[in-house]
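Analysis of the macromolecular model
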Amino acid sequence: MTDTAAWLQRYDAAYMPNFGPPKRVLVRGQGCRVWDADGREYLDLLAGIAVNSLGHAHPAMVAAISEQIATLGHISNLYTSPWQVELSERLDALVTTNAPGTEARVFLCNSGSEANDTGFKLTRRTGRTKIVAMEGSFHGRTVGAVSLTAKAAYREPFEPLPAGVVFVPYGDVAALEAAVDDDTAAVVLEPIQGESGVIVGSDDYLRAARRITTEHGALLWVDEVQTGIARTGEWLAYLPSGITPDVVTLAKGLGAGIPIGACIATGPAAVLLGPGSHGSTFGGNPLASRAGLTVLDVIEADGLLAHVREVGDHLADAVMALGHPEIVEVTGRGLLRGIVLAHDIAAAANDRAMEAGFLINAPRPDRLRIAPPLIITTAEIDTFVSALPSLLEG
Ligand SMILES: *Cc1c(COP(=O)(O)O)cnc(C)c1O
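No experiment lies behind these values; they were computed from the predicted model shown.

Reading guide: rules and limits
- Residues numbered from 1 in each chain as written.
- Predicted model: local features only at pLDDT ≥ 70, side-chain atom pairs only at ≥ 80, totals over all residues.
- Heavy atoms only, no water.
- Salt bridge = Lys/Arg side-chain N within 4 Å of Asp/Glu carboxyl O.
- Helix = DSSP H or I, 4+ residues; strand = E, 2+ residues; numbered from the N terminus.
- Buried < 20%, exposed > 50% of the residue type's maximum accessible area, 1.4 Å probe, protein only.
- Pairing = 2+ DSSP bridges.
- UniProt positions renumbered as here; feature names shortened; annotations may be inferred.
- Contact = heavy atoms within 4.5 Å.
- Polar contact = N/O pair within 3.5 Å; in protein donor to acceptor, adjacent residues only side chain to side chain.

1. A short note on the pattern of salt bridges
Tallied over the entire structure, the rule returns 18 salt bridges. Between Glu 355 and Arg 24 there is a salt bridge, with its nearest N and O atoms 2.9 Å apart. Note that Glu 355 is positioned in helix H12 (residues 346-355) and Arg 24 in the loop between helix H1 (3-14) and strand E1 (26-30), a separation of 331 residues in sequence. Judged by relative accessible area, which is 58%, Glu 355 ranks as exposed. With a closest N to O distance of 3.3 Å, Asp 203 and Arg 333 form a salt bridge. Taken together, the residues span a long stretch of sequence, with Asp 203 in helix H9 (residues 203-215) and Arg 333 in strand E13 (residues 327-333) at a distance of 130 residues.

Okay, here's the thing in C-alpha cells:
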C-alpha cells in the first residue's frame, strides 16, 4: 500500500463522512507548490480555496507567525492587543475607501461563516427580519450562514432554519427592486459568486443594490469572504463600483492560512451589535491579527494588486487564445477565474489535472475554478495553460 492509501484508509475510519473522500494527502508546501504523501509535486492553482494568498511557507508569514507565537498568541476578548487594534483600523479604512471618514467598526472571528453569522445577527438588530439573498449564493455552513445559502442540498436537511430569508435571481435589478421593501433588514450578495462557478455581478448591479437598499432603509451587505483582500486585483471587489456597503464580511485570503474572519459595518450599522450581544473566544487573537496585518503588509510592499490584475488577465487571455472547442469563456477578475466548458466534463478534467500535477477544482459540472496564490508567476500559469487542452480530452 502507498503512504497515500494508508492515510486515506485511516481518514476514512476517523473522520466524519461529510466531505466525501479526499483526493490527496498533502504533506508539504513551498511557494505555489505542494507535495503529497507519495512525493508527487503539484502546482497549487486553488490555494486552499482562495485562502493561501501568499502561497505556502511565505518567508514573511513564517517570520511574523513564529515571532508572534513566541511573544503572545492568545488572550481572549476580555483584553485587547496592539495587533488586534491595528488590524481593525486597517480593515475599517479599507472598507470605507470610497467614502473616507465614514465611521466603520470591525468584529473579528475565525471563519467566513462566523463573519456571516455576525452579519446575520447584526441585521436582526435593525428591528426588521427580512433578508434578501441571491440564487446561486454561498455564505457558509453554520446554521446562520447556510440559511442565506441558496443551494437546497445544503439547507433543506437542516430545516427549520432562521426565518425571513428570500432568494432572488443574481444580477437581476428588477427582481431586487420587487423583493426589497420597507420590512427588509438587508440585502446580502457576493460581488462574484465563487462557489457557484465564478459568476460576476457587474459594478452597475452593485450600484443598483446600493440605491435600492438605501431607498428602503435596508442594509447592503457584501460578502467578500472569497473575493476580498486582493483576490480580484482590488483590495475589495466592490471598490471599483464606487459604493460603500453597510456590512462587509471577510475571511479566506485575509489570514493566508491562519483562520480569521471579519465583519465590518459602516455608518449607523457599525454600532448595532451592542455590549453583550455577540462574542468569540478566539476571534482577533494576537496570532490571527498578526497574520492579517502581515498579509496586508506583503500585498502592499510587493505590489500584489497590480500583479494579480496582470497575471489574472494573462491567464484569461492565454486560455482563450488556445481556441479550444471545449472552452467557452473565462469568467472572473484578477486571480479568481472560472473556465466555462461546452460540456459537463469539469469533474473528469479536474481529476486529470491532479494526475498531471495541477490542483484546481470543479465547482459546477461545466466549470473549472482557478484561484491560485496571489504571488503566482506568469511562467507558472503558462505551464497550466499548456497542459489544459490535454486535460479536456480523454
Ligand atoms: C468560503 C465562503 C464562505 C464560508 O467561509 P468558511 O470559512 O468556510 O466558513 C462564505 N462566503 C463566501 C462567499 C465564501 O466563499
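2. Overview of the sheet that holds strand E3 (residues 41-44)
Backbone-to-backbone hydrogen bonds join strands into a sheet, with any given pair of strands oriented parallel or antiparallel. In spatial order, the strands read E1-E2-E3-E15; together these four strands make up an open sheet with mixed pairing. Two strands in the sheet have a free side with no partner beyond their single neighbour: E1 and strand E15 (358-359).

3. Structural notes on the UniProt feature "binding site: pyridoxal 5'-phosphate" (unreviewed entry) in the protein chain
Following the UniProt record, the feature "binding site: pyridoxal 5'-phosphate" (unreviewed entry) maps to Phe 138, Asp 223, Glu 224, Val 225, Gln 226 and Thr 281 here. These residues run over 144 residues, and the two farthest C-alpha atoms among them are 25.3 Å apart, placing them at more than one spot. Ignoring any residue separated from it by four or fewer positions in sequence, one finds Val 225 in contact with Gly 112, Asn 116, Thr 249, Leu 250, Ala 251, Lys 252 and Gly 253. Locating Gln 226 in the fold gives a position in the loop between strand E10 (219-223) and strand E11 (247-250). With near-sequence residues (within four places) excluded, Gln 226 lies in contact with Ala 50, Gly 194, Glu 195, Arg 231, Lys 252, Leu 336 and Arg 369. A distance of 2.9 Å separates polar atoms of two side chains, one belonging to Gln 226 and the other to Glu 195.

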